[in-house]
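Each chain is listed here by its residues.
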Amino acid sequence: MPAIATVPTALGPFTALVDDEGAVLASGWTDDADALLALVHAELRPTDPARREDLGEVTAAVAAFHDGDPGPAAAVPVRQISGPATTAIWERLRAVPAGAPTTYGELAGAAGYPKGHRIAARACVRNAATLFVPCHRVLRRGGALGGYRWGLERKERLLALEASWRVDDGALSGV
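Residues numbered from 1 in each chain as written. Predicted model: local features only at pLDDT ≥ 70, side-chain atom pairs only at ≥ 80, totals over all residues. Heavy atoms only, no water.

Right, let's talk about the sheet that holds strand E3 (residues 24-28) for a bit. Spatial ordering of the open sheet is given by E3-E2-E1-E4, a layout of four strands whose pairing is mixed. With one partner strand each, in any of the chains shown, E3 and strand E4 (50-51) form the two edges of the open sheet. Two elements, strand E1 (residues 3-7) and strand E2 (residues 14-18), share five bridges in a ladder whose sense is antiparallel. What sits directly across from Ala3, in E2, is Val18. Packed onto the sheet, helix H2 (residues 57-66) meets E1, E2 and E3 and runs at close to 150 degrees relative to E2. (Pairing = 2+ DSSP bridges. Helix = DSSP H or I, 4+ residues; strand = E, 2+ residues; numbered from the N terminus. Contact = heavy atoms within 4.5 Å. Axes fitted to C-alpha atoms, helices over the stretch in contact; angles between N-to-C directions.)

Listed below in C-alpha cells is the structure:
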C-alpha cells in the first residue's frame, strides 16, 4: 500500500511518499503531504496513501544522510515517469557524488546530451524525489546555485553539509 511519512531533520521536516513496493515517488523538505503528492506523475499518483511514522529503508536513508552518510539514499529505489532525456538525467544525477557538485552542462553531457544543459535544468525542476535523486548537487556554469524547489538557502546548506564530509578510501565520512 502506498504510504507517506514526515520525519524531523536538522534542515526541516522531510516527507517521503512511497509506492506499494517501497520505491520513492516524491520527497522533500516539507510537511505538506498534499503539495508533495501533487508532484507525482498522474500515472503513478496514489489516491489515498497511508500515513505512517516510518517508511523503513527510506526513513533510515533520510536519517543516515543527515548524519553524514549519503550511501543509503543512493540505494533506495525511485519511480518517476518522463521522456528518455529526463530519465537519463535523473539516472545520472543518482551517480553524482556528495561533496562533488556538477554543472547542468556536465550533467547533460554525462547523460549523453552534450548540448543539453537546458534539458538537465528542466529535469532538475521536474524531479519529485529530491535527496534520492540529488538535484541540489547541480550548479550553473561558474558555480552559481541556480534554482531549487526547496529554497536556495536549503540548497546552500545541503552543499555545505556535503562539502564538510571527506572521502576516505572511497567512502564518505564526517570531518
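A positive phi angle is found at Leu131, which is not glycine, with a value near 80 degrees. Overall, the relative accessible area of 2% leaves Leu131 in the buried class. (Buried < 20%, exposed > 50% of the residue type's maximum accessible area, 1.4 Å probe, protein only.)

Here the focus is the side chain of Thr9. With respect to the secondary-structure elements, Thr9 resides in the loop between E1 and E2. Of the polar contacts made by the side chain of Thr9, one reaches the side chain of His66; its length is 3.5 Å. The contact partners of Thr9, leaving out residues within four places of it in the chain, are Phe14, Trp29, Val62 and His66. (Polar contact = N/O pair within 3.5 Å; in protein donor to acceptor, adjacent residues only side chain to side chain.)

Going through the model one piece at a time under the given rule, you end up with three salt bridges. Between Arg79 and Asp19 there is a salt bridge whose closest N-O contact spans 2.0 Å. On the criterion of sequence distance, the pair formed by Arg79 in the loop between helix H3 (71-75) and helix H4 (84-93) and Asp19 in the loop between E2 and E3 is long-range, its members being 60 residues apart. The shortest N-O distance in the salt bridge between Glu21 and Arg79 comes to 3.3 Å. Pair noted here: Glu21 is in the loop between E2 and E3 and Arg79 is in the loop between H3 and H4, with a separation of 58 residues, a long-range link. Each of Asp19, Glu21 and Arg79 takes part in a single network of salt bridges with overlapping partners. (Salt bridge = Lys/Arg side-chain N within 4 Å of Asp/Glu carboxyl O.)

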